[in-house]
Amino acid sequence: MEKNEILQIYGTNYKEMTTELLEEADLASEIPSPETLIGIKPNLNAPRPAEFGATTHPEVVAGIIEYLQRHGFSRIVIAEGAWVGDTTAEAFEFCGYQTLAKRYGVDLWDMQKDSSHTANCAGIRLRICDRVGQIDFLINVPVLKGHCQTKITCALKNSKGLIPNSEKRRFHTMGLHKPIAHLSAGIRQDFIVVDHICGDLDFEDGGNPVVRNCVMAAKDPVLVDALVCRMLQYDISEVPYVKLAEELGAGSADLSQARISVIGKKGAIREDEIPRHRVCDVRYAVEEADSCSACYAALIPALDRLKEDGLLELLDEKIAIGQGHREKHGRLGVGLCTAGFDVCIRGCPPSEEQVYEELKAYIIGKQNK
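**Student:** How would you explain the environment of Gly133 if you had to name every residue and give the values?
**Tutor:** Inspection of the secondary structure puts Gly133 in the loop between strand S6 (124-129) and strand S7 (137-141). Relative accessible area serves as the criterion here: at 64%, Gly133 is assigned to the exposed category. Sequence separation between Gly133 and Val143 is ten residues, and the spatial gap between their C-alpha atoms is 24 Å.

Following this line, the structure appears as structure tokens:
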């Protein structure tokens, strides 16, 4: 498979689709030897079922493992670290990966429990989990979905699961885009299998899945993310880490040179048939300062619900959220970083339902005074 190729397959038998895709891509020829330690990195940011549009379908990973074992590769691990606020162990269990690991005899690496080291990532020093260095060949298995802070998340951003929680928090203080791009210089992706089955095109934590029943294979994470930008109707300039990663040598964002092929045309959905995703224009109500993804992802859909209820327009002050509000004071905040505010919706992170209900009560309470 060439670096500028992206293969797609459509259907509903996800495990068999994946093995067929990998046969077409000839993945086995990319792996140096049967002794290679192969790491599979899914997207298990939280304990949510794949059909909600947030996490990698276990059937896709099962297809990868069956393909690898069929071709004589037995040294396989699944490595992941959930986002801040949830535990990887719970995500492994809830998302079906404990069962998967037992069935195929592969190890699960909980990167939240791993030690870490500082690495020079193209001029920026970032902390990376130590066991990443033991992996000889990394297969990235992201979900194609939207993100309430970076607009999209797919191949490049999925590497965040291989850094410690403290570094995930620091990424947000650095603005996300720059460290995500530089992380591509510290963690090499050797092959990418994209779960484009039913990702939520608005929020990274799911809830509004858009069914596409597609799995994709590629070697270039930058090219993949450039394609995702086009599919979700964003200009690449709107997702700065894509071009920055290209400038750092992680791949090419030039879609004019890409070869995108569909295996078995039946059932394929053209890119321009993907519906325009719902844009949550509620950020005007937020005073965000270095917030973590899990906390921000609870706030934005809650505000969208309040907007639909006709309540958000009644809020006459901004909602503070993020690490930049620690030890500060104000009127209204979300998350433990705003514990010093007069009204704080506590949690690290709070749930979407909690944010919605408490903000709703706050707004109604003010109107009734």
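**Student:** So what about the nonpolar core? Which residues, and what values?
**Tutor:** If you look at the biggest cluster of nonpolar residues, it comprises 54 residues, and the most contacted ones within it are Ile128, Leu144, Ile152, Val224, Tyr241 and Val242. It is helix H7 (residues 221-231) that contributes the most residues to this core, eight residues altogether. Excluding residues that lie within four positions of it along the chain, Val224 makes contacts with Ile6, Cys154, Ala155, Ile192, Val194 and Ala218. By size, the runner-up hydrophobic cluster in this structure holds 42 residues, among which are Ala25, Ile65, Ala91 and Ile263.

**Student:** Pulling in residues and values, what's your account of helix H1 (residues 14-25)?
**Tutor:** Because each turn of an α-helix spans 3.6 residues, side chains separated by three or four positions in sequence point in the same direction. Between its first and last C-alpha atoms H1 spans 16 Å; for twelve residues at 1.5 Å apiece the expected length is 16 Å, and the two agree. Burial in H1 covers these residues: Tyr14, Met17, Thr18, Thr19, Leu21, Leu22 and Ala25. Taken together, the buried residues of H1 touch strand S1 (5-10), helix H2 (58-70), strand S10 (191-196), strand S11 (214-218) and strand S12 (259-263). Count one or two residues on from H1 and you reach Asp26, which has phi positive near 55 degrees.

**Student:** Break down the sheet that holds S10 for me, citing the residues and quoting the values.
**Tutor:** Strand pairing within a sheet occurs via backbone hydrogen bonds; the two strands may be parallel or antiparallel. An order of S4-S3-S2-S7-S10-S11-S1-S12 is seen for the eight strands of this open sheet, with the pairing classed as mixed. Of all the strands in the sheet, the pair left with one neighbour each is strand S4 (107-110) and S12. Between one strand axis and the next, the sheet turns through 20 degrees on average, direction left out of account. Of the pairings in the sheet, the one linking strand S2 (residues 38-42) to strand S3 (residues 76-80) comprises three bridges and is parallel in character. Directly across from Ile38, in S3, lies its bridge partner Ile76. Along the sheet, H2 makes contact with S2, S3, S7, S10 and S11, crossing S2 at roughly 170 degrees.

**Student:** So, the environment of Ala285: which residues are in play, and what are the values?
**Tutor:** Within the secondary structure layout, Ala285 lies in the loop between S12 and strand S13 (286-288). Taking the C-alpha atoms as reference points, Ala285 and Val141, 144 residues apart in sequence, are found 34 Å from one another. Ala285 has contacts with Leu312, Glu317, Lys318 and Ile319, leaving out every residue within four places of it along the chain.

Cut-offs used in this document
- Residue positions within a chain follow its written sequence, with the count starting from 1.
- With pLDDT at 70 or above as the cut-off, local features in this predicted model cover only qualifying residues; side-chain atom pairs require 80 or more to be listed or tallied, and sums for whole chains, interfaces and linings still use all residues.
- Excluded from the side-chain calculations are hydrogens and water; all other atoms, namely the structure's heavy atoms, are used.
- Numbering of helices and strands runs from the N terminus, with a helix taken as a DSSP run of H or I at least four residues long and a strand as a DSSP run of E at least two residues long.
- Relative accessibility under 20% of the residue-type maximum defines a buried residue, over 50% an exposed one, and the middle range a partly exposed one, all with a 1.4 Å probe and only protein chains included.
- Residues belong to one nonpolar core when they are buried, are Ala, Val, Leu, Ile, Met, Phe, Trp, Tyr or Cys, and are joined through side-chain atoms within 4.5 Å.
- It only takes one pair of heavy atoms within 4.5 Å for two residues to be counted as in contact.
- Working rule for helices: expected span equals 1.5 Å times residues minus one.
- By this definition, two strands are paired if DSSP reports at least two bridges between them.
- Fitted lines through C-alpha atoms give the axes, limited to the stretch in contact for helices. The angle between two N-to-C directions lies from 0 to 180 degrees.

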